[in-house]
Amino acid sequence: MPESSSQPERRHLLSIGDLDRGDVERILETARALDGVEGKLPTLAGRLVITLFYESSTRTSASFELAAKRLSADTLPIRSAGSSVDKGESLKDTVLTLAAYEPAAIVVRHPQVGSAQLVAKHLVTADSGATVVNAGDGTHQHPTQALLDLYAMEQALGRLEGLHVAIVGDVLHSRVARSLVQALGLVGASVVLVGPPALVPRGLAERSMEISAIESADVVYVLRMQRERMLAGANYVPSLREYTARWGITPERLRPGQKVMHPGPINRGVELDGRVADSADSLVVEQVRAGLVVRMAVLHDLLAQGVPAGEIAGVA
Amino acid sequence: MLVGRNGYSDSLTLEGRLAGGRCVTVTVSDGVISRIEPGGSSRALLAPAFVDPHVHLRTPGREDEETIASGTAAAAAGGYCAILAMPNTDPVVDSAAVLGSLRETARREAVVPVGFMASISKGLAGEELTELGELGDAGAAAFTDDGRPVVSAALLRRALQYAEVAGRPLALHCEEPTLSHAGHMHEGTVSAELGLGGWPSLAESVMVERDLALAAHEGQPLHLMHLSKCESVAALERARAAGVAATAEATPHHLVLTDEAVRSLDPNTKMNPPLGSASDRDALVGALRDGTICCVATDHAPHSREEKDVPFEAAPFGVTGLETAFAALHTHLVEPGLISLETLLERMSAGPARAFGLPEPTLEVGARANLVLLDLEAEWTVTEDGFRSRSANSWLLGQQLRGRVVKTVADGRLVHG
């Protein structure tokens, strides 16, 4: 079938940088069409989706696997623990091995920046046509998280264009923040990064060390404070206690109606007050729900681009 | 100080064009230039061969990555008549015994004469001085802890004081480790976007400033290795203006690339010091042009294919460079008019020789023949299977370059072409 996409060359989703605005809008439209569809779709019947996870994950691995199953794909989840990785197999050899099963897609999460690119490179070595979906490579990119965040924002607020989003916390070590800043830029939303100076790098977006900078935001996007970054001697902030006092998101710091998001897992009482997480303005559960339909939409978009999104419900 | 394969000299004739444009035929008899006569039909450029003051031969310890034989063959293919090898091997070149055994091997294997540097501190641990005097007597070409900085200011001060006894210069890798810690690339917008640990310019420049201050205080010369940041260049200019006898080198990759290249996440763009900004590169090119930086050094750093075929973040620092240095700089600096060909040839030959007190390759009757013949019009593509080096971790893989080494004569012997 001829490809109708604006980017017929695109094969992998390694970074939000691989997408243009049209791609993002098409994926969100596909997700809307998939949202609420019951049962399985036959889209990827007979095709194999491998999820290769070198890092612990609940949401991302579960939703990718479920998304592939909902599209009738065969799934093959591989975790580094208990696999040949434990025996010292290199990422290259693992990819060459998996390529022999002729997957349609490999979804990969890995703790190091550049791992998704390496997987894509060695699929070429293996003469495989498989698509790579980056499910997080170190502190670099997590593109499907940014797409599902856009979807949840649009569902809650009715638009993306012109939204103002404050991203709060450890931007430096956050692949989620990097992808989200790029994605928000693509859809015409504005961003301010708020947090301790050492954890908010220059050059990504407007930055502020004052928590009051969240006042004008439509959405306050709270990043996880990774405890390992806060060990004594790391000195990004003097202490976790001081971080929470200055940048923790509490009911008192929010306006009614301001939406709050968090990619999970939450450290309650550290970056996010439990009362906020459980409030009506929290979109945390919506984000998890969006994760499933958006990952279905991404797999659909990459692997079955010829099928227009409008026909999806009809196919069901 | 330089050692190569013993026992023979060549007699040959070379036709070429001199830098001034004159076509000549050069006769080499028993390794010495005996006649330079007008005439000949070759359009290739004949020039004094190159000297590389910064090469990792990985021997002893990582002979899978490079040996004295393969590294010097690579040097020959790159137009070099002399190279200096770094001591960060396993074991470290920190005793006359290790140095002696390397020199012995070089007498059998080295295609191009090699000088071996010895370490400043025992085991590169930065704590105790090596026996600089004995190492100097045993033929150490210079002293360096390259790969690591001399963290202790007091140790460097003692080394500067004692270098006069040893009679050989100190060459320094400038890196403040608490600032470079966990860095994988230059700190800036690109590192912020890629999420890679940033290595601020300061990590180099504060150490350059400190080392120059120590050299000024002791009144001793100093050589700064692989300078990469504009702040370091400014510090060097100030120190030289104040009378410090400081020399410096820059690598082809720092003279051509910027941190934008890292966006590819190609592990062959990962080097120490990391690729800087466009203003860093411009400052290096300017300093090479005006002589503040007096030599090009490749920092040829072979790594096995397995070591580099990993995600960027997991990859070791370093790229190869001996076989591509001239072509890369001719293509990217000379052809666009950033630097003259004459200047490039000087910075690759006489410049480094002077900085390390080595004989300057010269194209004169009576001189030992150290010559390179260059085809400036030849276009070629850098490929993984085209290297004499045992390793292929080049930042130029797949690129087309203009300018090629046709023949190399090193210490009176035809070693390439």
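Predicted model, so just to flag it, every value in this text is computed and none were measured.

The rules behind these values
Residues numbered from 1 in each chain as written. Chains lettered and ligands numbered in written order. Predicted model: local features only at pLDDT ≥ 70, side-chain atom pairs only at ≥ 80, totals over all residues. Heavy atoms only, no water. Helix = DSSP H or I, 4+ residues; strand = E, 2+ residues; numbered from the N terminus. Rg over C-alpha atoms; globule rule 2.2 N^0.38 Å. Buried < 20%, exposed > 50% of the residue type's maximum accessible area, 1.4 Å probe, protein only. Contact = heavy atoms within 4.5 Å. Areas by Shrake-Rupley, 256 points an atom, 1.4 Å probe, with all protein chains shown as cover. Lys, Arg positive; Asp, Glu negative; His and termini not counted. Charge placed at Lys NZ, Arg CZ, Asp CG, Glu CD. Core = buried A, V, L, I, M, F, W, Y, C linked by side-chain atoms within 4.5 Å. Pairing = 2+ DSSP bridges. Axes fitted to C-alpha atoms, helices over the stretch in contact; angles between N-to-C directions. Phe/Tyr/Trp six-rings, centres within 6.5 Å; stacked < 30°, edge-to-face > 60°. Parallel < 35°, antiparallel > 145°, perpendicular 65-115°, else oblique. Left-handed = near helix turned anticlockwise from the far one by under 90°. Domains from an automatic or database assignment. Buried area = accessible area lost by both parts, 1.4 Å probe.

### Some points on the overall build of chain B
- Counting its secondary structure elements, chain B contains 14 helices and 17 strands.
- Relative to a compact globule of 417 residues, whose C-alpha radius of gyration would be 22 Å, chain B shows 20 Å and is just as compact.
- Principal-axis analysis of the C-alpha atoms places the extent of chain B at approximately 60 × 50 × 45 Å.
- Across the 417 residues of chain B, 62% fall into the buried class.
- Counting only contacts in chain B whose residues sit at least 6 apart along the sequence, the fraction spanning at least 24 positions is 74%.
- Only carbon and sulfur atoms are counted for the fraction: they give 49% of the accessible area of chain B, which is about 14400 Å².
- Charge centroids of chain B, computed over 34 positive and 55 negative side chains, lie 5 Å from each other.

### Some words on the nonpolar core
- Grouped together as the largest cluster of nonpolar side chains are 118 residues, with contacts concentrated most on Phe116 and Ile293 of chain B.
- Tallying contributions element by element places helix 12 (residues 325–334) of chain B first for this core, with 7 residues.
- Discounting chain neighbours no more than four positions away, the residues touching isoleucine 293 of chain B are Leu227, Val233, Leu236, Ala248, Glu249, Ala250, Leu284, Ala287, Leu288 and Arg347 of chain B.
- Judged by nonpolar contacts, the second largest core, of 63 residues, contains Ala104, Val133, Leu180 and Leu299 of chain A.

### Details of the sheet that holds strand 9 (residues 171–172) of chain B
Residues and elements named next belong to chain B.
- Taken in spatial order, the 4 strands of this open sheet run 9-12-13-14, and their pairing is parallel. The open sheet has two edge strands with one neighbour each: strand 9 and strand 14 (295–296).
- Relative to strand 12 (residues 222–224), strand 9 is paired through 2 bridges, and the arrangement is parallel. Bridge pairing in strand 12 places alanine 171 opposite histidine 223.
- Here helix 7 (residues 202–218) sits on the sheet in contact with strand 9, strand 12 and strand 13 (246–250), set at roughly 165° to strand 12.

### Considerations on the pairing of strand 3 (residues 23–29) of chain B
Residue and element names in this part refer to chain B.
- Across the 7 residues that make up strand 3, a large majority, 5, are buried.
- Hairpin connection between strand 2 (residues 12–17) and strand 3: a loop of 5 residues separates the two successive antiparallel strands, and glycine 21 in this loop has a positive phi of roughly 115°.
- Across 6 bridges, strand 3 lies against strand 4 (residues 32–38) in antiparallel orientation. The residue of strand 4 that forms the bridge with valine 26 is isoleucine 36.

### What to know about the sheet that holds strand 6 (residues 190–194) of chain A
Residue and element names in this part refer to chain A.
- Strand order across the open sheet formed by 5 strands is 7-6-5-8-9, with parallel pairing between neighbours. Each end of this open sheet is capped by a strand with a single partner; those strands are strand 7 (206–208) and strand 9 (259–261). Taken pair by pair, the neighbouring strands of this sheet meet at an average axis angle of 25°, ignoring direction.
- Sheet analysis places strand 5 (residues 164–168) next to strand 6, joined by 5 bridges and oriented parallel. Within strand 6, the residue paired with valine 168 across the bridge is valine 194.
- Against the sheet, helix 6 (residues 175–186) contacts strand 5, strand 6 and strand 8 (219–222), and its axis sits at roughly 170° relative to strand 5.

### So, the packing of aromatic side chains
Residue and element names in this part refer to chain B.
- Applying the stated criterion to the full structure yields 4 aromatic pairs over all chains.
- Ring centres 5.7 Å apart and planes at 70° place the aromatic pair phenylalanine 50 and tyrosine 80 in the edge-to-face group. Residue phenylalanine 50 is found in strand 6 (residues 50–55), and its partner tyrosine 80 is found in strand 7 (residues 80–85); the two are separated by 30 residues along the sequence.
- Residue classification places tyrosine 80 among the buried residues on the basis of a relative accessible area of 0%.
- Ring geometry for tryptophan 199 and phenylalanine 317: centres 5.7 Å apart, planes at 80°, overall edge-to-face. Placement of the pair is tryptophan 199 in strand 11 (residues 198–199) and phenylalanine 317 in the loop between helix 11 (305–308) and helix 12, with a sequence separation of 118 residues.

### With respect to the packing of helix 1 (residues 68–77) of chain B against helix 2 (residues 96–109) of chain B
All names here are of chain B.
- Across the interface, helix 1 lies against helix 2 with an axial gap of 10 Å and an inter-helix angle of 55°. Here helix 2 runs oblique to helix 1, going by the angle between their axes. Handedness of the crossing formed by helix 1 with helix 2: right-handed. Residues Ile68, Ala69 and Thr72 of helix 1 form the contact with helix 2, whose participating residues are Leu102, Thr105, Ala106 and Glu109.

### Topic: the domain arrangement of chain A
Residue and element names in this part refer to chain A.
- Assigned domains within chain A: domain 1 (16–141 + 290–315) and domain 2 (143–288).
- Each of domain 1 and domain 2 has a C-alpha centre, and the two are 26 Å apart.
- Facing 31 residues of domain 1, the contacting portion of domain 2 comprises 31 residues.
- Summed over both partners, the interface of domain 1 with domain 2 buries about 2400 Å², with 60% contributed by carbon and sulfur atoms.

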